[in-house]
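One letter stands for each residue in the lines below.
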Amino acid sequence: MPDPVLALDLGGTKIRAALVHGIEPGGPAAGSHAADGSGAGTGDADGAAESPRLERVAEVPTPASEGAAAILGAALELAERVRGGARVSAVGISSAGVVDTVRGRITHATDSLTGWAGTDVSAPFEHRFGAPVAVLNDVHAHGIGEARFGAGRGRDSLLLMAVGTGIGGCQVQGGQAVVGAHGAAGHVGHVPVPGAEGVPCPCGRTGHLEGLASGPGIVRLAERLGAADSGGAAVPTSTSSAAPRDGRELAAAAARGDRASLEAYRRAGRATGRVLGALLNVLDPDVVALTGGVAEADVRAWREALDAGIAEEAMDVVALTPVLPASAGSHAALLGAAVRALETAHPGRNPS
C-alpha cells in the first residue's frame, strides 16, 4: 500500500490535519466517469472513482495572535502527532492568505493571522518530514477537493464560491486550480456591487461584495435595516441587545420572520447572485458549488434572491448552469491539499 499524504489546513481559528490514503497521482481524468455528487469515501458503481480515506483527523486552535512562529509551531506539533511515526509520501498544506505556490511562501494575509504575510511555510515541513511539500491557498485547496470528490466529480470544470466569514472562490479547470500570476485568483468577494457603496470591506477598500454579503456583512446590514425601520433613529438599548450578534442568530431571526433579517438576506443574496451571474458569463464552468456558513444556513430568502441575481446577469447560454451545494464534505480542503501534494511529488502524472 502506498504511503499516505500528510495534509494540513491552516485557518484563522483552527488547524486541522489528517493522513490521507487512496489518492492516486493525477487521478482519473476529469469527465472520465459519470458525476454522482458523492463525497469522499464513496465510489461509482463501476469502482472507477477514487475513494480517499482520512485517518487520524485532529485539530487544534490556531494561535492566531501570537505570530508566525507560534502558528508554524502548533501546525508542526499537530502534524507530528497525526503522523504517529508513519512514513508519508508528501505533505500538502492549505493555508489562509495569498500563497506563492512555487516557493511555498505567504505573500499577503489579513490581520486574522498576525505576522503571517512573508512566512515560509514549506521549509519547516520539508526539514521535519523529509518529503515533498506543497502549499496552496485554502479556498484553492477546497476547490480542488470539491472538483475531484464532490459536485465537480466527472466534470471538466467547476467554480467554487465560498460565502461565509469572507467570500472567496476558485475556478478548477481540468483538475487544476486556476491560481493566477500572483496566487490571488478567486477573490470574488472583492468586486464592486450596487448597494455596497461606502460599506467597508476587510481588504481596506469600500463597496465590495464581501463587506455587504459575507456573514458579518449581513449581520451589520440587518442592524442598519433595523435602525431604518425604527424611523432612522438610533436603536434603543433594549432592542440593540436583542439584535442578532452573529450569523447563527441572524438565521434564527429570519426563520422567525424578522423583517430586517429577511431583507438583509435578500439584499445580500441578490448581490451575490449578480456577481455569480457575471462570473458565469466570464468563466462558463460546467457547475457551480456553493459552500460556507451563509450558503449552508438554509435561509430560503437568501437562496431565492441568489437565483434572482444570477438570472439578472447571466447570459442565456450560461443561465442554466447547475448551482449546487458543495458535497465533498468538511474535509474538502484537506483532500485538495493532498491532491496538490501528490501532483508536486509526481509532476509527470498530473491530470491533463
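About the criteria used
Residues numbered from 1 in each chain as written. Predicted model: local features only at pLDDT ≥ 70, side-chain atom pairs only at ≥ 80, totals over all residues. Heavy atoms only, no water. Pairing = 2+ DSSP bridges. Helix = DSSP H or I, 4+ residues; strand = E, 2+ residues; numbered from the N terminus. Axes fitted to C-alpha atoms, helices over the stretch in contact; angles between N-to-C directions. Contact = heavy atoms within 4.5 Å. Polar contact = N/O pair within 3.5 Å; in protein donor to acceptor, adjacent residues only side chain to side chain. Phe/Tyr/Trp six-rings, centres within 6.5 Å; stacked < 30°, edge-to-face > 60°. Buried < 20%, exposed > 50% of the residue type's maximum accessible area, 1.4 Å probe, protein only. Salt bridge = Lys/Arg side-chain N within 4 Å of Asp/Glu carboxyl O. pLDDT = per-residue confidence, 0-100.

Focus on the sheet that holds strand β7 (residues 133–137)
Strand pairing in a sheet relies on backbone hydrogen bonds. The paired strands run either parallel or antiparallel.
Phase 1: Taken together, five strands build an open sheet; the order of strands is β3-β2-β1-β4-β7 and the sheet is mixed. Of all strands in the sheet, those bounded by a partner on one side alone are β3 (53–61) and β7. Within this sheet the neighbouring strands show an average axis-to-axis angle of 15°, counted without direction.
Phase 2: As defined by bridge partners, strand β4 (residues 90–95) adjoins β7 across five bridges and the pair is classed as parallel. From the neighbouring strand, S95 faces β7, where its bridge partner is N137.
Phase 3: The sheet contacts of helix α1 (residues 68–83) involve β1 (5–10), β2 (14–21) and β3, and relative to β2 the element is tilted by about 30°.
Phase 4: The strands touched by helix α2 (residues 122–129) within the sheet are β1, β4 and β7, with β7 carrying the most contacts at an inclination of about 150°.

As for the side chain of N137
Phase 1: Inspection of the secondary structure puts N137 in strand β7.
Phase 2: Within the local environment of N137, its side chain forms a polar contact with the backbone nitrogen of V139, the two atoms lying 2.8 Å apart.
Phase 3: At a separation of 3.1 Å, a polar atom in the side chain of N137 contacts the main-chain amide nitrogen of H140.

Overview of the packing of aromatic side chains
Phase 1: Taken as a whole, this structure holds one aromatic pair when the rule is applied.
Phase 2: Where F125 meets F129, the ring centres are 6.1 Å apart and the plane angle is 20°; that geometry is what we call stacked. Of this pair, F125 and F129 both sit in helix α2, four residues apart, which is roughly one turn of the helix. Neither residue differs from the other here; F125 and F129 are each classed as buried.

Some words on unusual backbone geometry
Glycine aside, residues mostly have negative phi, and peptide bonds are mostly found in the trans state.
Phase 1: Its identity as a non-glycine residue notwithstanding, R56 has a phi of 60°, on the positive side.
Phase 2: Within the secondary structure, R56 is located in strand β3.
Phase 3: Although it is not a glycine, D284 sits at a positive phi angle of roughly 50°.

Regarding the sheet that holds strand β10 (residues 176–177)
Phase 1: Read across the sheet, five strands follow the order β10-β9-β8-β11-β12 without closing on themselves; strand pairing throughout is mixed. Since the sheet does not close on itself, it has two edges, and those belong to β10 and β12 (323–325), each with one partner.
Phase 2: Across two bridges, strand β9 (residues 167–173) lies against β10 in antiparallel orientation. Bridging across to β10, Q173 finds its partner in Q176.
Phase 3: Strands in contact with helix α3 (residues 138–149) are β8 (157–163), β9, β10 and β11 (287–291); relative to β9, the strand with the most contacts, it is inclined by about 50°.
Phase 4: Against the sheet, helix α9 (residues 300–313) makes contact with β8, β11 and β12, and its axis sits at roughly 150° relative to β11, the strand it touches most.

What to know about the pattern of salt bridges
Phase 1: Scanning the entire structure with this criterion turns up 15 salt bridges.
Phase 2: Residue R274 is joined to E312 by a salt bridge in which the shortest nitrogen-to-oxygen separation is 4.0 Å. Linking R274 in helix α8 (residues 259–283) with E312 in helix α9, this pair joins segments that are 38 residues apart in sequence.
Phase 3: Under the relative-accessibility criterion, R274 is labelled partly exposed at 23%.
Phase 4: In this structure, R303 and D307 form a salt bridge, with 3.0 Å as the shortest nitrogen-oxygen distance. Of this pair, R303 and D307 both sit in helix α9, four residues apart, which is roughly one turn of that helix.
Phase 5: The class of R303 is partly exposed, set by a relative accessible area of 28%.
Phase 6: Residues participating in the shared-partner salt-bridge network are R270, R274, E312 and E313.

Points about the confidence of the model for the protein
Regions with low pLDDT carry predicted coordinates that are not meant to be interpreted in detail.
Phase 1: With 87% of its residues at a pLDDT of at least 70, the protein reaches an overall mean of 89.
Phase 2: Here residues 29–39 is modelled with pLDDT under 50, and outside its nearest four sequence neighbours on either side it reaches 27 contacts, counting other chains as well.
Phase 3: Long-range and interchain partners of residues 41–48, a stretch whose pLDDT sits below 50, account for 13 contacts in this model, where long-range means more than four residues apart.

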